[in-house]
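Examining the three-dimensional arrangement
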Amino acid sequence: MARGLARDHDEKRAALRKGAARYFARHGYDRASMAGAARDCGVSKALIYHYYDSKEALLFDILDAHLRHLVKVVEAARPEGLRGLVRAILDAYEDADAEHKLQLESLEALPPELKAPLLDAQRRLVQAMSAAIAEEAPHLPADRLRAITMSVFGILNWVYMWHRPGKGLSRRDYAELAGDFVLNGVRGV
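Every chain is numbered on its own, with residues counted from 1 as its sequence reads. Where totals are concerned, whole chains, interfaces and linings use all residues; where local detail is concerned, this predicted model gives features only for residues with pLDDT of at least 70, and gives and counts side-chain atom pairs only at 80 or more. Derived side-chain values reflect all non-hydrogen atoms in the structure, with water molecules and hydrogen atoms excluded from consideration.

Quick word on the packing of helix α5 (residues 81–93) against helix α8 (residues 142–157)
- Angles here are taken between N-to-C directions and fall from 0 to 180 degrees, while the axes themselves are lines fitted to C-alpha atoms, restricted in helices to the stretch in contact. In this description a helix means any DSSP run of H or I spanning at least four residues, a strand means any run of E spanning at least two, and both kinds are numbered starting from the N terminus. One can describe the packing of α5 onto α8 by two numbers: an axis separation of 10 Å at closest approach and a directional angle of 35°. Handedness of the crossing formed by α5 with α8: right-handed. On the side of α5, the interface is formed by Val86, Ile89, Leu90 and Tyr93, while α8 contributes Val152, Phe153, Leu156 and Asn157.
- When residues are sorted by character, Ala, Val, Leu, Ile, Met, Phe, Trp, Tyr, Cys and Pro go into the nonpolar class, Asp, Glu, Lys and Arg into the charged class, and all the rest, Gly among them, into the polar class. Counted by class, the contact of α5 with α8 contains 7 nonpolar, 1 polar and no charged residues. In this scheme, a crossing is called left-handed if the near helix is turned counterclockwise away from the far one by less than a right angle; it is called right-handed if the turn is clockwise. Should any heavy atoms of two residues lie within 4.5 Å, those residues are considered in contact.

This is how it looks when you write it as structure tokens:
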């Protein structure tokens, strides 16, 4: 008879995702190992392989959980308009620097069949941002709308590179500043 899942199965997977994301982001996915991820997570290599049959499967789960969360956050924030969307995305990024870095740097390491649903989630995020920008500036032609949309993501996606907790603006204050900057910039185009 097959064993059922432990009551804390989802919590253990989440902890492994979080720990492995930090390890992969710090060492680079291509140079990281499952043994190193297990060590960094404080678990045995056997336990990590109990949850994930490969390094690719672990990376996919990290990115899939991260992008699913972002899509959920963005869909919930859409009624708040462009400023609300910017704030919601930056809030969602706050405790996900490692996951976000992996999304930007390691997505290409996955095979096409694993990459496809992640790219679809990214497209949904871009479409939501583009729609929010178009609401503020309906006169924009498609090529400018796309350029502005990607510029906004440029502002949002790289905050993990320079922001340090406790130095300068808080993430919340930066989210407000970025929201004002984007909204006023879009209205000024």
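Topic: the side chain of Thr149
- Structurally, the position occupied by Thr149 is in helix α8.
- What Thr149 contacts, discounting residues up to four positions off in sequence, is Val126, Met129, Ser130 and Ile133.

Description of helix α1 (residues 9–27)
- Each residue after the first adds 1.5 Å to the expected span of a helix. The terminal C-alpha atoms of α1 lie 27 Å apart, and with 19 residues this matches the ideal 27 Å at 1.5 Å per residue to within 8%.
- Classification of residues uses two cut-offs on accessible area relative to the type maximum, computed with a 1.4 Å probe and protein chains only: under 20% is buried, over 50% is exposed, and between them is partly exposed. Here α1 has its buried residues at His9, Leu16, Gly19, Ala20, Ala21, Tyr23, Phe24 and Ala25.
- At its buried positions, α1 is contacted by α2 (34–41), α3 (45–51), α4 (55–77) and α6 (97–106).
- Just downstream of α1 lies Gly28, where phi reads positive at about 90°.

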